[in-house]
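Chain and residue survey
Listed here are the chains, written in short residue letters.
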Amino acid sequence: MIGHWKKNFLAVVYLVAALFFIYIPVVVLVVFSFQDGQLPVPPFNGPSLQWYEKMFSNDRLVESLINSVVVAIISSLLATVMGFLAAYGMARHDIRFRAGVRFILMAPLTVSYLIIGIGLLITLNIFGIPKSLLTVGLGHIVINLPLCFAIIYSQFGGHLRNIDWAARDLGASDFQTLTRVIAPVMKPSLFAAFCLSATLSWDEFIIAFLLSRFEVTLPVIIFEMLRAGLTPEVNAAGTMVFAISMVTVAIAAIVVSVNFGARK
Amino acid sequence: MSAPGKPVAANIQFELSRWAVHPAIIFTLVFFIIPLVAMVIISFWQRIYGKLQASWTVANYEKFFGRDYLLEALYNSIEVTLLTLAISILLAYPLAYILAYKVPSRWQRFVLILTVLPFWTAYVVRSYSWLLIISENGILNVALIAIGLIDQPLEMAYGRGATVLGFVHFFTMLLTLTIYANLVQIKASYHKAAADLGANPLQIFFRITFPLSIPGVAVGAFITFVIAIGDYITPQILGGSTEVLVPQAIMLQIARAANFPMASVMSITLMIVVVIVYFIIGKYLKMDRI
Amino acid sequence: MGSLRNTIRRKVTRRSFVAGAAGFAAASAVLPKTGHTADELNVLVWCDHADKKLLAPFEAKHNIKINVKTYEGTGAAVSIIEQSSPGDWDVLVIDTPDVPMVVGKGLLAPMDESTLPLSDLLKPLTSAAFNHVNGVRYAVPEKFGYYGVAYNKEKVNPADMRSAQVMWNNKYKGRVAVYDYYFPTMQLIAISMGIKPDAISMNDLPKIREKLLAMKPNIKMVGDIVSVQNALVNGDVDMIINGAEFVVSGLMPTMPQLDWTIFDEGGLMWIQGLSVFKDSKKKKLAFDFVNHVLSPEGQGALATSECYWAMPANKKAVLSAAEKKILRWDEQAAFLGRSVPSTIGRADIDSEMLDIWTEFLQKK
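Residue numbers run consecutively from 1 along every chain, following the written order of its sequence. Lettering of chains starts at A and numbering of ligands starts at 1, both following the order in which they are written. For a predicted model such as this one, the threshold for reporting local features is a pLDDT of at least 70, and the threshold for listing and counting side-chain atom pairs is 80 or more; totals across whole chains, interfaces and linings nevertheless cover every residue. Derived side-chain values reflect all non-hydrogen atoms in the structure, with water molecules and hydrogen atoms excluded from consideration.

What to know about the overall build of chain B
Each helix and strand in chain B was counted, giving 13 helices and two strands. For a compact globule of 290 residues, the expected C-alpha radius of gyration is about 19 Å, and chain B comes in at 25 Å, more than 25% above that figure. Among the 290 residues that make up chain B, the fraction classed as buried is 55%. Here, residues are in contact when the closest pair of their heavy atoms is within 4.5 Å. In chain B, once contacts between residues fewer than 6 apart in sequence are set aside, the share between residues at least 24 apart is 69%. For the purposes of this entry, the term helix denotes a DSSP run of H or I that reaches at least four residues, the term strand denotes a run of E that reaches at least two, and both are numbered from the N terminus. A radius of gyration in this sense is built from C-alpha atoms; the matching globule rule multiplies 2.2 Å by the number of residues raised to 0.38. Think of it in three bands: with a 1.4 Å probe and only protein chains considered, a residue is buried below 20% of the maximum accessible area for its type, exposed above 50%, and partly exposed in between.

Looking at unusual backbone geometry
Cis peptide bonds are those with omega within 30 degrees of zero, and the linkage from Pro42(A) to Pro43(A) qualifies with 0°. Along the polypeptide, Pro43(A) turns up in the loop between helix H2 (9-33) and helix H3 (50-56). In this model, Asn63(C) sits at a positive phi of 50°, which is unusual for a non-glycine residue. Here Asn63(C) shows up in the loop between helix H2 (52-62) and strand E2 (64-70). Here the phi dihedral of Asn242(C) falls at roughly 70°; this positive angle occurs in a residue that is not glycine. Of note, Asn242(C) is situated in strand E9 (residues 239-243).

Quick look at the interface of chain A and chain B
Of the residues lining the interface, 86 residues belong to chain A; the matching set on chain B comes to 76 residues. Two parts placed together each lose some accessible area; with a 1.4 Å probe, that loss summed over both constitutes the buried area. A combined buried area of about 7,200 Å² lies between chain A and chain B, and 81% of that area is made up of carbon and sulfur atoms. Any carboxyl oxygen of Asp or Glu that lies within 4 Å of a side-chain nitrogen of Lys or Arg is treated as forming a salt bridge with it. Here chain A and chain B share zero salt bridges between them. Nitrogen and oxygen atoms within 3.5 Å of one another constitute a polar contact, given that in protein one can donate a hydrogen and the other can accept it, and given that sequence-neighbouring residues count only through two side-chain atoms. Taken together, the connections running from chain A to chain B amount to nine residue pairs in polar contact (both at pLDDT 80 or more). If you tally residues by element for the side of chain A that touches chain B, the top one is H2(A), at 14 residues.

As for the interface of chain A and chain C
Each side of the interface is counted separately: chain A has 32 residues, and chain C has 34 residues. Here chain A meets chain C over a buried area of about 2,800 Å², counting both sides, of which 62% is carbon and sulfur. Contact with chain C buries surface across chain A, with Phe214(A), Arg227(A) and Leu230(A) losing the most and accounting together for 23% of the total. At the boundary of chain A with chain C, the tally comes to three salt bridges.

Re the side chain of Asp204(C)
Tracing the backbone through its elements, the reader meets Asp204(C) in the loop between helix H6 (182-192) and helix H7 (205-215). Once residues lying within four places of it in the same chain are set aside, the contact partners of Asp204(C) are Ile195(C) and Ala199(C).

Describing the state of the cysteines
Residue and element names in this part refer to chain C. Note that a disulfide, as used here, is simply two cysteine sulfur atoms within 2.5 Å. The full count for this structure, using the stated rule, is one disulfide over all chains. Across the disulfide from Cys47 sits Cys307; the S-S distance is 1.8 Å. Between Cys47 and Cys307 the sulfur-sulfur dihedral comes to about -65°; the bridge is accordingly left-handed. Of this pair, Cys47 sits in the loop between strand E1 (39-45) and H2 while Cys307 sits in the loop between helix H11 (296-303) and strand E12 (311-312); the two residues are 260 residues apart in sequence, bridging distant segments of the chain. Each of the two residues, Cys47 as well as Cys307, counts as buried.

Here's the deal with the packing of aromatic side chains
Aromatic pairs are defined between Phe, Tyr and Trp rings, using the six-membered ring for Trp, whenever the two ring centres lie within 6.5 Å; interplanar angles under 30 degrees are classed as stacked, those over 60 as edge-to-face, and all others as tilted. All told, the structure shown has 42 aromatic pairs over all chains when counted by the stated rule. Aromatic side chains Phe167(B) and Phe171(B) sit 5.9 Å apart centroid to centroid with 40° between the ring planes, which places their arrangement in the tilted category. With Phe167(B) and Phe171(B) both in helix H8 (residues 160-183), this residue pair falls four residues apart, about one helical turn. Taking the relative accessible area as the measure of exposure, Phe167(B) reaches 3% and is therefore buried. When its relative accessible area of 1% is taken as the criterion, Phe171(B) is described as buried. An aromatic cluster of three or more residues is present, and its members are Trp46(C), Tyr71(C), Tyr147(C), Tyr179(C), Tyr181(C), Tyr182(C), Phe183(C), Phe246(C), Trp270(C) and Tyr308(C). Lysine NZ or arginine CZ positioned within 6 Å of the ring centre and within 35 degrees of the ring normal marks a charge as sitting over the ring. Of note, Lys216(C) hangs over the ring of Phe360(C), and the distance from its end group to the ring centre comes to 5.6 Å.

Structural notes on the nonpolar core
By convention a nonpolar core is built from buried Ala, Val, Leu, Ile, Met, Phe, Trp, Tyr and Cys residues, the set being connected through side-chain atoms within 4.5 Å. Counting residues in each nonpolar core, the largest one holds 275 residues, and the members touching the most others are Phe156(A), Leu41(C), Tyr146(C), Met215(C), Met239(C) and Trp260(C). When residues in this core are grouped by element, the largest group, 15 residues, is from helix H4 (residues 59-92) of chain A. For this core, the domains that each give at least three residues are domain 1 (39-144 + 271-329) and domain 2 (145-268 + 343-362) of chain C. If near-sequence neighbours (up to four positions away) are discounted, Met215(C) is found in contact with Met167(C), Trp168(C), Val178(C), Ile189(C), Ile241(C) and Phe360(C). With 40 residues, the next largest nonpolar core counts Val26(A), Phe170(B), Leu175(B) and Tyr180(B) among its residues. Boundary definitions for the domains trace back to an automatic or database domain assignment.

Things to note about helix H7 (residues 133-154) of chain A
Residue and element names in this part refer to chain A. Helix span, as expected, comes to 1.5 Å for every residue beyond the first. In a regular helix each residue adds 1.5 Å, so 22 residues correspond to 32 Å; H7 covers 31 Å between its end C-alpha atoms and thus fits that length. Note that bend, as reported per residue, equals the angle between axes fitted to the 7 residues terminating at that residue and the 7 residues originating from it. Helix geometry: H7 is bent most strongly at Asn144, by close to 35°, with proline Pro146 lying one to four residues after it. Most of H7 sits out of view: 19 of its 22 residues are buried. Sitting at the amino-terminal end of H7 is Ser132, which places a side-chain oxygen 3.1 Å from the backbone nitrogen of Leu134.

Observations regarding the side chain of Ser227(C)
By the secondary structure assignment, Ser227(C) is in helix H8 (residues 225-233). The exposure class assigned to Ser227(C) is buried, which follows from its relative accessible area of 15%. Contact partners of Ser227(C), with chain neighbours within four places excluded, come to Tyr158(B) and Met221(C).

Regarding the pattern of salt bridges
Considering all chains together, one arrives at 31 salt bridges over all chains under this definition. Here Lys54(A) and Glu233(A) are joined by a salt bridge, their closest N and O atoms 3.2 Å apart. Placement of Lys54(A) in helix H3 and of Glu233(A) in helix H12 (residues 232-263) is noted, with a sequence separation of 179 residues between them. A residue is classified by how much of its surface remains accessible, and Lys54(A), at 29% relative accessible area, is partly exposed. Here Arg175(C) ties to Asp238(C) by a salt bridge, and the two come within 3.0 Å at their closest N and O atoms. Placement of Arg175(C) in the loop between strand E6 (140-152) and strand E7 (176-179) and of Asp238(C) in the loop between H8 and E9 is noted, with a sequence separation of 63 residues between them. Via salt bridges that share partners, Glu136(B), Glu155(B), Lys155(C), Arg175(C), Lys220(C) and Asp238(C) belong to a single interconnected network.

What follows is the structure, given as structure tokens:
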């Protein structure tokens, strides 16, 4: 082990330097969320939980946190289900306009969130539809649907086609095959798609900013806090967002590796 | 309705899987394609004296392409994005290479996750926390002065350099992921075969590893390009508005003046740039392989 | 034909809306609303009104919930209103010189002067010029301040700060931030050139543009309130042009080296006013809120709000001696005497100013 590292001295140095670069903003953010003082800049005056207390007694922030969770879960669920159905349909049949259908499904990936948001905003204005968490959620489905589709579709291998036909030969209906045979086999990638969407929606700012009104999501509130005063409370809120994302990613990573590991 | 003797279930079966693609397609058409069409239409309208008028004119396009300071936003956006891309690839490639070939395989997954975890740092505060690092009273200057490397704080915050720094941090992680995913798919037998044929390590890298890893670089580069060129927060916070990129120009039009026609023109221009990039590197892109 | 269209509509509705809408509707039904409040009041305000110490007493007293939407700049407020439906909003806080423009759009409700504590408010602020249209009052002043300069006393010579010429002073090259609000900055330049802000015409814009662009070499950054505060606190700049009490007062208790002033050439004043929307469905509650903000306690809370401090309009505002000192409360008579209000220009001038501002930001 040590011999291995010695031989690759440069690689180790590079790896450590890269990790330092990657982690420094996170460390600074987290450390100064515990600042005992009014400003999140050096010197660090020693640990204090006052900004976390302040954050959790901020009603608007707590409400927006709940909004964010709800929007993330529901929009990701819908994106995952629609992505799964689309992947199933594409894998199962040689449908007409195959290339065209794929192109349309994947197209939102090539357009910036800002532009997707402005397009939706203009459309809402034209049709006189009020902005709300519903519209934010719709925007999040737009950005997450292609990802869910791509992740799930990439796992639809030939073996599933065989399972599909086998189930069918045994007299299972489409619906039964889908829910009892295919979905369970696909569970890890469905879960991965859901978790990835959820973290992206949870942390999405510009669409939520453009399409929300009174009820806003957490990133919008944090942005407002950023514009409203220099305070370690922003660090505390940022740390919490990061922590929740990390937990989600960790759960996804464990579930996926356990399931894929079992199959090997 | 069904003909006698034909099981009803067969009909339902037939229906369900045939219609499975439709929800996603219709959703995308309604909430993605229609808004883009609306945007194109609005770009030919005008906002005059605070009112939107369906005047069917190319005046907004003429204004955007006719005024240096607006067109310059486009140049700035492209320059910043390309600079970000170049530096990020240079930093990410060795990192992905080390992860794929130098880190023992049982540690790989752990180190990979460790490397990309800050990808999930709250987006809105990511740039802000860089500001806390590079400002004149920030951690970096304080540390450099403390160890005696400098005696005057370095001016790093606000400007193109700071914007690129914020971008590079984020996209290095993303590119490391896509390049790594590609590198681990290159079969070890290729390397062994090349070595058996007498190729030295450099030759193996440039003749085999690098060419085979181009798709991974291309996918990461394309995603980077799409996200970076449309990002508002990073240049807004780190750039200190010392220059304007297209997303900032768009937000100025929307937030200050509710000028949707002008914002649409700028958005469409950005999309066209992305489409051009897509066609340039498209042959390496296999989006479904991500 | 009609039936085809109906079928399509029904299909589209089914396939794409229902799933999403049902999900979200269900979700918002289960969403916990903090407390079971009888009513809600929607207020569109500058960020200083989001402070709990201002809102909580009113929410508790009336058992309601106040929904706050914050904006920065009159243009932004109008842009938000234009993207809303009538009846969405109850109370508006906007710079009073812009009130006639908003009234012109038919948005505000007339106010009954007998219900307002007008006699407690500072005289120059209650001037009919901004709050009245055709003899009817539509707004009441609540808070005011200036556009001038905020600075770090340890880094600059305070004497230099008294003249508008500091905007072009080479001594501070690269040490200057500008608060990102286009028309007051240009109006400050106009004042330095001897042009009254409300007299700026299209013909003056080329001259103002030239002076504005000439500032750029000195400028380190341009940003919103917190960005410029950040730059000042972090030592990246030593002064904030187009800033004053609203960018530094809140920081002064912890950083006494900060200070602010207005230019000798003349001060440029901002005055926030409270208005009630014509289409509000809760006018009674809205007017109660207006009176709450104007009360001595409300005024003290608003003046020292988390987001930014500034001077209260009410002479009786509850402020400590230290707070009064930071707000230069005793100098207000003199300051007000040589200040003029800042007002958004005509639509065409305003749009041209925004273009010039974009050019200024872009200039290398």
